[in-house]
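Residues per chain are reported as follows:
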Amino acid sequence: MWFRLQGTTRHAAVLLRLLMQHARVLKKCVKCKEELAAVLIRAGDAYCRSCFRESFIHKFRAMLGKTRVIFPGEKVLLAVSGGPSSCSMLSQVQEGVSQNAHKKLRFVPGIVYIEEGGTLGQSKELRRKTTSELCEMFRSTGFPFYILPLEQVLDLPGSVVAPSSLSDQPSSAYKTAVDHFLQSGSSAGVMAEEQKDVSLPAVQESQTQLLQQLLGSAKTLTAKQDLLSALRQHLLVHTARTKGYSKLMLGDSCTRLAVKLFTSISLGRGAQLAQDTGFSDCRYGDVIAVRPMREYSAKEIAYYNHMFKVPSFVIPSLDTKTPDKASIQRLTESFVTKLQADFPSTVSTIYRTGEKLQTACRSSSAAEDIDRCLLCVCSLDTVVEEASALQATLISEQLSQTKAPQTSVAVKSEPAAAVGQCCSSEGPCGRTEGAVGCYISPKEHEVTKLRKLLCYSCQRTIRDMSSVHHLPHYVLSEAQRRQNRSVMKKQISEFLLDDADEND
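Residues numbered from 1 in each chain as written. Predicted model: local features only at pLDDT ≥ 70, side-chain atom pairs only at ≥ 80, totals over all residues. Heavy atoms only, no water.

Caption draft 1: Spatial organisation of the overall build of the protein chain. Helix and strand counts for the protein chain come out as 18 helices and eight strands. A buried classification covers 44% of the 504 residues belonging to the protein chain. For the protein chain, long-range pairs separated by at least 24 residues make up 72% of all intrachain contacts whose partners lie at least 6 apart in sequence. Accessible surface, the protein chain as shown: approximately 26900 Å² in total, 55% of it carbon and sulfur. (Helix = DSSP H or I, 4+ residues; strand = E, 2+ residues; numbered from the N terminus. Buried < 20%, exposed > 50% of the residue type's maximum accessible area, 1.4 Å probe, protein only. Contact = heavy atoms within 4.5 Å. Areas by Shrake-Rupley, 256 points an atom, 1.4 Å probe, with all protein chains shown as cover.)

This is the structure:
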């Protein structure tokens, strides 16, 4: 009897849930109050088809309008991965720059797609097939587009990780740009001149093998995904610079940024949260990345793409078909999405919290290169006082790695030793590299040389690699340049004037 009653109660609950969903569908639109609701985004936000479309479009253009980061006539490069969010962003831009658009977008767009099939070991035929499908969609927009295999990141110059100078714009610069744009007229003809028949460039098998060795040297999937994200960002910024684009538009949604916020905290990137999740990211100086899709949830984007036939593609990645605990990124995504299913305000709450984080865009110069991370190009967060959580973590790590018995261990953080000595930035032995009695392995010596040039999170990524020699040549060459510059500055330090002396 108890089992029968339990089954009846369960069926009643399912029936009640279906009736509630049916009642929601029969609701009137909260905006026009006339048409029946066709989509329910959140509790109380029921829209008809036309009002949902207007609200979706208005949110995109309002985000670009109120920030005033993109100036009229400016060239903007859209990073399209083929997923729902980036394809929806491309659809919004395509409609916004059309002649009959209300509140027309006034910038000149271009498209870039980075093909990452080499990281998964895909065949050339499969990679060409995926690229050809995306090319058809890109050609229909009429925008210039660029197809780049990820293998091209191995041939980038060292200037990619050296931020360029960012000139301060006066408050009246945007209004001046609008007036100039209206007087000169539309620049839509520029796009037709640049449009070419683009396909996947030929990729040498040796380059693909080097890329696979680079990612294969990372022991964990967490490190692989973090390293892949940095390489992808480098290639996007280099393409924007070489093609003359001053803005880079990313398709990160609200759900994706909520996951990224928790992931960044878990990976020790708390100091870089504002740049990793904010609307604008000016770490590279002359190329500013913007995220106009950051107020759209994944559910909202999926509804819009389905209702208005916006094409998107399912492209596998490193974490495809992996369990939830395969990486920190994967575990965080599973945690947030499952929590969102039970508590619909989870993503919006995380997003609103991260939205309060801000950072000032300071101008960059060659003298400040050494204060930037070699991989993520954010400001270094490792220059801290002795009594800090970072120093406590480093001391604990040093003690745990000690292999030889020591009579006394200095737990106080010592100043950096001279170049050529063991543990120049960590460890208490102070012996020369490779000397008898040194308990630091050759691999840790290599990591030590790069450690001063990396933020805390990127240090963890490098330590998970079997060898730093697998890093791209432009990263290693830039690291050598900065190390040589640091040594030279130390040698002539007694001949340099301090800032206080210059003011006097």
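Let us keep going from here.
Caption draft 2: Focus on the nonpolar core. Ranked by internal contacts, the top residues of the largest apolar core, which has 49 residues, are Leu214, Leu248, Cys373, Leu374, Leu454 and Leu471. Of all the secondary-structure elements, those providing two or more residues to this core are β3 (75-79), β4 (108-115), β5 (145-149), α7 (205-216), α8 (221-243), α16 (456-463) and α17 (473-491). Among the elements that take part in this core, α8 stands out by supplying eight residues, more than any other. Discounting chain neighbours no more than four positions away, the residues touching Leu454 are Cys373, Leu374, Leu375, Leu380, Thr382, Gln459 and Ile462. Listed in part, the 46 residues of the second largest apolar core include Ile41, Met63, Met137 and Ile301. (Core = buried A, V, L, I, M, F, W, Y, C linked by side-chain atoms within 4.5 Å.)

Caption draft 3: Looking closely at the packing of aromatic side chains. Here the structure, examined in full by the defined rule, presents eight aromatic pairs. Centre to centre, the rings of Tyr146 and Tyr245 are 6.4 Å apart; their planes meet at 80 degrees, and the pair counts as edge-to-face. One end of the pair, Tyr146, is in strand β5; the other, Tyr245, is in the loop between α8 and β6 (247-249), with 99 residues separating them in the sequence. Tyr245 carries the same exposure label as Tyr146, and that label is buried. Ring geometry for Tyr304 versus Phe308: centroids 4.8 Å apart, planes at 40 degrees, classification tilted. Judged by its relative accessible area of 19%, Phe308 falls in the buried class. Through pairs of rings, three or more aromatic residues link up here, namely Phe52, Phe56, Tyr296, Tyr304 and Phe308. (Phe/Tyr/Trp six-rings, centres within 6.5 Å; stacked < 30°, edge-to-face > 60°.)

Caption draft 4: Structural context of the packing of α7 against α8. In the contact formed by α7 and α8, the axes pass within 9 Å of each other and the chain directions differ by 135 degrees. Compared by their axis directions, α7 and α8 come out oblique. Side by side, α7 and α8 meet where Leu214, Leu215 and Gly216 of the first sit next to Lys224, Leu227, Leu228 and Leu231 of the second. (Axes fitted to C-alpha atoms, helices over the stretch in contact; angles between N-to-C directions. Parallel < 35°, antiparallel > 145°, perpendicular 65-115°, else oblique.)

Caption draft 5: Examining the sheet that holds β4 more closely. Pairing within the open sheet is mixed, and its six strands lie in the order β5-β4-β3-β6-β8-β7. Looking at strand neighbours, the two that pair on one side only are β5 and β7 (280-281), the edges of this open sheet. Where β3 lies against β4, five bridges are found, and the strand directions are parallel. By the bridge assignment, Ala79 is partnered in β4 with Val112. Packing against the sheet, helix α3 (residues 84-96) makes contact with β3, β4 and β6, and its axis sits at approximately 150 degrees to β3. (Pairing = 2+ DSSP bridges.)

Caption draft 6: Structural detail: the pairing of β3. Most of β3 sits inside the fold, with four of its five residues counted as buried. Following the backbone out of β3, through α3 and into the adjacent parallel β4, one traces a crossover that is right-handed. (Right-handed = clockwise from strand over helix to strand, strands pointing away.)

Caption draft 7: Local environment of the pattern of salt bridges. According to the stated counting rule, one finds 20 salt bridges in the structure shown. The closest approach of N and O atoms between Arg139 and Glu136, which form a salt bridge, is 3.5 Å. Taken together, the positions of Arg139 and Glu136, both in helix α4 (residues 124-141) and three residues apart, correspond to about one turn of that helix. Among the salt bridges present, the one from Asp252 reaches Lys260, with a minimum N-O distance of 3.4 Å. Classification of Asp252 as buried rests on a relative accessible area of 15%. Taken together, the shared-partner salt bridges connect Arg269, Asp276, Asp281 and Arg283 into one network. (Salt bridge = Lys/Arg side-chain N within 4 Å of Asp/Glu carboxyl O.)

Caption draft 8: Quick look at unusual backbone geometry. The backbone of Lys33 sits at a positive phi, close to 60 degrees, despite the residue not being glycine. As for its placement among the helices and strands, Lys33 is situated in the loop between α1 (2-25) and β1 (39-42). Positive phi is not limited to glycine here, since Lys309 has a value of about 55 degrees. Relative accessible area serves as the criterion here: at 69%, Lys309 is assigned to the exposed category.

Caption draft 9: Structural detail: the pairing of β4. Counting buried positions over the eight residues of β4 gives eight, a clear majority of the element. The side-chain alternation of β4 yields two buried faces, one formed by Val108, Gly110, Val112 and Ile114 and the other by Pro109, Ile111, Tyr113 and Glu115. Sheet topology places β4 next to β5; five bridges connect them, and they run parallel. Residue pairing across strands places Ile114 opposite Leu148, the latter belonging to β5. Chirality of the crossover, the property in question, places the unit of β4, α4 and β5 among those that are right-handed.

Caption draft 10: Inspection of helix α13 (residues 346-355) at higher detail. Here α13 has its buried residues at Thr346, Val347, Ile350, Tyr351 and Gly354. Looking straight down α13, one finds its buried side chains confined to an arc of 125 degrees; they lie on one side. Contact partners of the buried residues in α13: α9 (254-266), α10 (273-277) and α12 (328-342). (Arc of directions from axis to C-beta.)

Caption draft 11: The arrangement of the packing of α9 against α12 in detail. Relative to each other, α9 and α12 sit at 130 degrees, their axes nearing to 9 Å. As summarised for this structure, α9 and α12 are arranged oblique, according to the angle between their axes. Relative to α12, α9 is oriented so that their crossing is right-handed. Of the residues in α12, those in contact with Arg256, Val259, Phe262, Thr263 and Ser266 of α9 are Ile328, Gln329, Thr332, Glu333, Phe335 and Val336. Here the contact of α9 with α12 is composed, by residue class, of five nonpolar, four polar and two charged. (Left-handed = near helix turned anticlockwise from the far one by under 90°. Nonpolar A, V, L, I, M, F, W, Y, C, P; charged D, E, K, R; others polar.)

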